[in-house]
Amino acid sequence: MTDPALDAEALRERAVASLITARDRTTLLTSCVDEPELTAQHSPLMSPLVWDLAHIGNQEEQWLLRAVAGHEAIRPEIDGLYDAFEHPRAERPSLPLLPPDEARRYAADVRGRALDVLEAAAFDGTRLTEAGFAFGMIAQHEQQHDETMLITHQLRRGPRALTAPDPEPVPLFTGPSEVLLPGGPFTMGTSDEPWALDNERPAHRREVAPFRIDTTPVTNAAYQAFIADGGYEEPRWWTAEGWAHVRRNAITAPLFWRRDGGQWLRRRFGVTEAVPPDEPVLHVCWYEADAYARWAGRRLPTEAEWEKAARYDPAGDRSARYPWGDAEPTPEHANLGQRHLRPAPAGSYPAGESPLGVRQLIGDVWEWTSSDFLPYPGFRAFPYKEYSEVFFGPGHKVLRGGSFAVDAVACRGTFRNWDLPVRRQIFSGFRTARSEEI
């Protein structure tokens, strides 16, 4: 029988490591540019970086210091400023935000107190503290805002502010283009992943008909063929809403791409470079992904199909945490955690493939699915409705798998992301599927 004290110590170590990893990344993202860059709004779609910095601290204070530890508020007067639902992103630059140095001091003060709370935490008694959930939730929240800040860095104009090594080069992938997934039920979602968020719960059986799915995400070269074939000029590939969107906004290629003579160029974190043909395509909206799939005679996978491809192990007829099994991700499994500032070439990470041979389901690019963001049967909002429940419905499409900008703490086989079908600034790509004729 496992010693509960050892379990508590392991949870504490995991929580400390996750919080420190997130804060180190936040520091990197907010220390590589000067104060005017921190306070500027680089796109109406995004907050000023300094807003994210103080919001991270404020959420940590509200949940770890107030809700878990019962402490009095440190700065109650700023709660409204950093309430994401009270102030949309477009108006945040006009708010009396904490200046960068004060925001850093506030976040550091909260973190010091939160680590004291963590040191004394019992990890039982309430759902918020059981298995260290609140600490895991806050680590995931900070990493999600780190990804948001990285998106802001991609949108900002000016010289490069961030650097990272490129992924290891790999031989051109020559394996099968698609994989057959068997029909039948599988377990979708989770009821026992300690830090899983409310929309991932509960575990439930889902029936999926046999289907085929791309072995790797769709590449830039494949997407360029769609463009060259007049994909953006042919309404039959698009939904009515998608066609209206690309016409209205004069969209003719993925975001950050431009044509220069005979080649496509892209801007990536302040550097202009040739579009690499073997990388997964990036910065496409749902409408573009759906149109490409139609052009290719295929479709986007449903969310259930994607999760079955990512988790189903036919040998044990079970759903694993990740495509490769239950072990935590390593650099050999997936491109995560801003270790690189780009996707790895299609076909990378053979150690991370699923039992049936599907690759790169975790990391590299968020993958659009055909599914609306909806609750699972038996869903219960926790610990607040504004995380998931208010977004349920046909307005948001589900993305799966994470990207190079996602940390492992906020990425697993059950993790669900969602966004509006017009969004392209996110690190989004896709793979396609087709139904298997029986």
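Note: the structure precedes this text.
A short tour of the structure in this document, coming up. All figures in this text were calculated on a predicted structure; none of them were measured in a lab.

Calculation notes
- Residues numbered from 1 in each chain as written.
- Predicted model: local features only at pLDDT ≥ 70, side-chain atom pairs only at ≥ 80, totals over all residues.
- Heavy atoms only, no water.
- Helix = DSSP H or I, 4+ residues; strand = E, 2+ residues; numbered from the N terminus.
- Rg over C-alpha atoms; globule rule 2.2 N^0.38 Å.
- Buried < 20%, exposed > 50% of the residue type's maximum accessible area, 1.4 Å probe, protein only.
- Lys, Arg positive; Asp, Glu negative; His and termini not counted.
- Charge placed at Lys NZ, Arg CZ, Asp CG, Glu CD.
- Axes fitted to C-alpha atoms, helices over the stretch in contact; angles between N-to-C directions.
- Parallel < 35°, antiparallel > 145°, perpendicular 65-115°, else oblique.
- Contact = heavy atoms within 4.5 Å.
- Nonpolar A, V, L, I, M, F, W, Y, C, P; charged D, E, K, R; others polar.
- Core = buried A, V, L, I, M, F, W, Y, C linked by side-chain atoms within 4.5 Å.
- Patch = residues over 30% accessible without salt bridge, like charges linked within 9 Å, V, L, I, M, F, W, Y side chains within 5 Å.
- Areas by Shrake-Rupley, 256 points an atom, 1.4 Å probe, with all protein chains shown as cover.
- Salt bridge = Lys/Arg side-chain N within 4 Å of Asp/Glu carboxyl O.
- Arc of directions from axis to C-beta.
- Phe/Tyr/Trp six-rings, centres within 6.5 Å; stacked < 30°, edge-to-face > 60°.
- Lys NZ or Arg CZ within 6 Å of the ring centre and 35° of its normal.

**What to know about the overall build of the protein**
And step 1. The number of helices and strands found in the protein is nine helices and 14 strands.
And step 2. Here the C-alpha atoms of the protein give a radius of gyration of 22 Å, agreeing with the 22 Å that 2.2 N^0.38 yields for 438 residues.
And step 3. Across its three principal axes, the protein shows a C-alpha extent of roughly 60 × 55 × 40 Å.
And step 4. When each of the 438 residues of the protein is scored for burial, the buried share is 56%.
And step 5. Charge-centre separation for the protein: the mean point of 48 positive side chains lies 5 Å from the mean point of 64 negative side chains.

**Here's the deal with unusual backbone geometry**
And step 1. Here the residue pair R201 and P202 is connected by a cis peptide bond, since its omega of -10° sits within 30 degrees of zero.
And step 2. Relative to the assigned elements, P202 resides in the loop between strand 2 (184-188) and strand 3 (204-208).
And step 3. Of note in the backbone geometry, F269 takes a positive phi value of approximately 50° without being a glycine.
And step 4. Looking at the element boundaries, F269 is found in the loop between strand 6 (263-268) and strand 7 (271-274).
And step 5. Positive phi values are uncommon outside glycine, yet Q360 reaches one of about 60°.
And step 6. Mapped onto the secondary structure, Q360 falls in the loop between strand 9 (318-319) and strand 10 (366-373).

**Looking at the packing of helix 6 (residues 220-228) against helix 8 (residues 286-295)**
And step 1. Closest axis-to-axis distance for the helix 6/helix 8 pair is 11 Å, and the angle between their directions is 80°. Overall, the two elements helix 6 and helix 8 adopt an arrangement that is roughly perpendicular. Contacts from A222, Y223, A225 and F226 of helix 6 reach helix 8 at E288, A291, Y292 and W295.
And step 2. Each residue belonging to the contact of helix 6 with helix 8 can be placed in one class, and the counts come to seven nonpolar, no polar and one charged.

**Brief notes about the nonpolar core**
Generally speaking, nonpolar side chains in soluble globular proteins are found buried as a group.
And step 1. In this structure, F135, L150, Y223 and F430 are the most contacted members of the largest nonpolar core, which totals 113 residues.
And step 2. Here this core takes 10 residues from helix 5 (residues 133-155), the largest share from any one element.
And step 3. Those residues within four positions of L150 in sequence are excluded, and the remaining contacts are R25, L29, L162, F269, Q338, L341, F404, A405 and F427.

**Description of a negative patch on the surface**
And step 1. A cluster of like negative charges, contributed by D83, E86, E91, E386 and E389, occupies part of the molecular surface.
And step 2. Within the element layout of this structure, E86 appears in the loop between helix 3 (49-68) and helix 4 (100-120).

**A short note on the pattern of salt bridges**
And step 1. Enumeration over the complete set of coordinates arrives at 39 salt bridges.
And step 2. Among the salt bridges present, the one from D326 reaches R318, with a minimum N-O distance of 3.2 Å.

**Comments concerning helix 6**
And step 1. Taken residue by residue, helix 6 has N220, Y223, F226 and I227 as its buried positions. Angular distribution of buried residues about the axis of helix 6 spans 110°; they occupy a single face of the element.
And step 2. Residues of helix 6 that are buried in the fold lie against strand 5 (257-260), strand 6 and helix 8.
And step 3. The first or second residue beyond helix 6 is G230, which carries a positive phi of 80°.

**Description of the side chain of Q140**
And step 1. Position of Q140 among the secondary structure elements: in helix 5.
And step 2. Of the residues examined, Q140 reaches a relative accessible area of 0% and is grouped as buried.

**Points about the packing of aromatic side chains**
And step 1. In the structure shown here, the tally under the stated rule is 28 aromatic pairs.
And step 2. Look at W257 and W264: their rings are 5.6 Å apart centre to centre, the planes differ by 50°, and that puts the pair in the tilted class. No difference in accessibility class separates W257 from W264, as the two residues are buried.
And step 3. Seen from their ring centres, W286 and Y287 are 5.8 Å apart, and the 75° between their planes marks the pair as edge-to-face.
And step 4. Judged by its relative accessible area of 8%, W286 falls in the buried class.
And step 5. Clustering of aromatic rings is evident, with ring pairs tying together W63, F85, F373, F379, Y384, Y387, F391, F392 and W418.
And step 6. Positioned over the ring face of W51 is R92, at 3.8 Å from the centre of the ring.
And step 7. Here the basic side chain of K308 rests over the ring of Y312, its NZ or CZ set 4.9 Å away from the ring centre.

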